[in-house]
Each structure stands twice: as structure tokens, then as C-alpha cells.
Amino acid sequence: MVDKRIRIGYQIPNFTYPDPLEPENAGPVADIFPTVAAQAREAERSGFDTVFVMDHFYQLPGLGAPSEPMLEAYTTLGALSGATSEIKLSALVTGNTYRNPAMLAKTVTTLDVVSGGRAVCAIGAGWFQLEHDQMGFEFGTFTDRFERLSESLEILSPMLRGGRPELTGKWYSAHDTLNQPRLRDDLPIMLGGGGEKKTFGLAARYADHLNVICNASELPRKMDALAARCEEAGRDRDTLETSFLSFVIMDADGDRARSLAHDYLRKTGVDPEVIDDETYSRATDRMFIGTPDDVADQLQRRVLDQGIDGLVINMVPNGHLPGKVAEAGAMLTALLN
């Protein structure tokens, strides 16, 4: 059976090819999925244990314009299950507000069956209001979204593990709900987010894995908060695996990597030539920029030394170019083994 651990993950958050930094020159739609599949296969060959796509319908602020290409997550993951053979498959992370939890349990379990036991059920509260407003999903308040997530986990967790949940909640209901067929009863649950009380509290109660999404400079406080939530839940903190989502901009030529990082910042509306050092530091707090040795050193000091177990990276400017994922895989494998 597939190892449940997530130590080295590769996220594909951008489908604007051939150059994510020049969306006006986007190539044919027919080329998008083959480029995604090639990255997944390269990740599989290069030491990555999990490949992730985003569960969004529009491109996100900070990555591009809403009108840029965005594939639906679970259709893409199903297709990737046929394009790969060993690597685990997941959204990072599923937006709870987009799917009924019993339906999501069925979707993820089906992905597990068709992929031979490689699915991860990753979930978060949801946050991108534009998608909700334009597509007709109820957004609600911050409190609403976390109430929904909590109820969803009361349904998802037993359905993935062979139970038959019974819940009449404020947002969802499930009555002796079946989930057949299942390949296994230990399909991993991942929560994603940075909320120190709600997200971390739910992770302590339900999750096998927490992907911490925050600025790297916030990690010491986040890890202290996670330890507190685990203690409140009566859980050994060491039993909850963690990872950190990192924006890697890497090239054998360090100057080329830094130039790509500046181009990326300009695309997101930040001009590195006119901002002060403090603003630049904030804008690049989730970025790891330079040669493979530079990036490895930054990931060690800024992330792993803070108590994080594993790394999930994306490579927005150049990950789609053949060989770049393999370079990252070699660097991460050496760093984490």
C-alpha cells in the first residue's frame, strides 16, 4: 500500500503556458493538460511523494488575473491518476464551500480506487469570495465557513474510514451514509491553512497532516499555536505531520532566478525597483529564491529549523520547463533525507 506520509510535495497552481509571466502570450488550450501531466510525471521520477493542484475555478490574486486558465481540481486529479503510477494525488486544498461533504467523500474515495490507493483528502474552509459571488456558491461569514468545515469533517472522517455518519447539523446532514467501494480505511486527511485557533484546532482533532499556509517569518508562532491546540485536544503533537507551502524560484544561475522573481513580483503588482527593503521582505516572505544551494539553505533555516516536517513547493515561473522539477526534487531529496 502507498506510504501515507507527505514529505516532498509538488503543487501545480498555474496553467498559463508557455510563460506564466506573460499570460497575453498563452498557447493553445489543448497544450495545458499535457504540460500538467509532464510535470506530475517528472515529479514522480524525481523524489516527490505527492502532486497537488489547487481547488479553485479562477486564478488567484498573487498568481495572476481571474481570467487566466484554471482547471477543475478533481477532474484533473482523476486524469493524473492515469498519467502516473506511484505519486500521491491531492488538492491543496479542497474548498469546503464548493462541495457537499458526503459528495466530497465519495469523490476522494473514487479517486483513491481509480489511482490504486494514492488519494489524499485535503480540505480547508474556503476564502476566495469572487469565485463564490460569480459562481453562485454561498460565501457567508468567517464564522459560517468554519462551522461548515467542522460539520463537514464530522461526515468526511467516518465515511473515509468505513463508518456511517449520523448528523443533523446547521449546515449539513448525513443519515447512516454509505460509502462503497473503499480501497482502504486509512485514507489520509489533510487540513490546510494558517488559522491558529480554528484550523489548527480542527487539525488536532481530525487530521493526519496539516499544511501550514503563512509567511515563513510567522512559523515559530504558528508551531507554538499548533502545539497548544494538540495539547487541548489531548493529542501528541508528534502524531500530526506538518508541511509548509513554499514558492520556489530556482535556477542554476542565481541571477536568472532573482530576475524571474522580480518579473513575478511585477506581474502581481509589486515593483521591486521602487519598494523599500521592509516591503520587499514582506512581499517575498513565502519565496525561496536563487540557486539550488541557495534555496536549500533558505528552506532549512526558515522552515525546517522551525519544526516543520515536510515541504510542498510550487515553481510558478519555470516549473513547467522540462528538467526544472527534477532539479527541485534532487535538492529536496538531499535536504530531507
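What counts as what
Counting of residues starts from 1 at the beginning of each chain's written sequence and follows it residue by residue. Totals for whole chains, interfaces and linings use all residues, but because this is a predicted model, local features are given only for residues with pLDDT of at least 70 and pairs of side-chain atoms are given and counted only at 80 or more. The side-chain quantities take in all heavy atoms of the structure and omit both hydrogens and water. Any residue under 20% of the maximum accessible area for its type is buried, any over 50% is exposed, and the rest in between are partly exposed; the area is computed with a 1.4 Å probe on protein chains only. Comment: elements are numbered from the N terminus, with helices defined as DSSP H or I runs of at least four residues and strands as E runs of at least two. Two strands form a pair only when DSSP identifies at least two bridges running between them. UniProt positions are given in the numbering used here, feature names are shortened, and annotations may be inferred rather than shown by experiment. Contacts were defined at the residue level, with two residues in contact if any of their heavy atoms lie within 4.5 Å. Whenever a nitrogen or oxygen atom comes within 3.5 Å of another N or O atom, the pair is scored as a polar contact, on the condition that within protein one atom can donate a hydrogen and the other can accept it, and that pairs from neighbouring residues in sequence are kept only if both atoms are in side chains.

- In the nomenclature of an unreviewed UniProt entry, the protein chain corresponds to LLM class F420-dependent oxidoreductase from the organism Gordonia cholesterolivorans.

**A look at the pairing of strand 10 (residues 241-250)**
Logical step 1: Among the 10 residues of strand 10, 10 are classified as buried, and the element is accordingly described as predominantly covered.
Logical step 2: Of the two faces of strand 10, the one holding Glu241, Ser243, Leu245, Phe247 and Ile249 and the one holding Thr242, Phe244, Ser246, Val248 and Met250 are both buried throughout.
Logical step 3: By the bridge criterion, four bridges tie strand 9 (residues 209-212) to strand 10 in an arrangement that is parallel. Bridging from a neighbouring strand, leucine 210 pairs with threonine 242 of strand 10.
Logical step 4: Pairing of strand 10 with strand 12 (residues 310-314) involves five bridges; the strand directions are parallel.

**Observations concerning the UniProt feature "domain: Luciferase-like" (unreviewed entry) in the protein chain**
Logical step 1: The residues that UniProt annotates with the feature "domain: Luciferase-like" (unreviewed entry) are residues 33-301.
Logical step 2: As annotated, residues 33-301 comprises 45% helix and 16% strand, and the C-alpha atoms at either end are separated by 35 Å.

**Re the environment of lysine 222**
Logical step 1: Mapped onto the elements of the fold, lysine 222 is located in helix 7 (residues 219-233).
Logical step 2: What makes lysine 222 buried here is its relative accessible area of 8%.
Logical step 3: Expressed as a C-alpha distance, the spacing of lysine 222 and glycine 195, which sit 27 residues apart in the sequence, is 8.5 Å.
Logical step 4: Once residues within four sequence positions are removed from consideration, lysine 222 is found in contact with Gly194, Glu196, Phe200, Val212 and Cys214.
Logical step 5: One polar contact links the side chain of lysine 222 to the main-chain carbonyl oxygen of glycine 194, over a distance of 2.8 Å.

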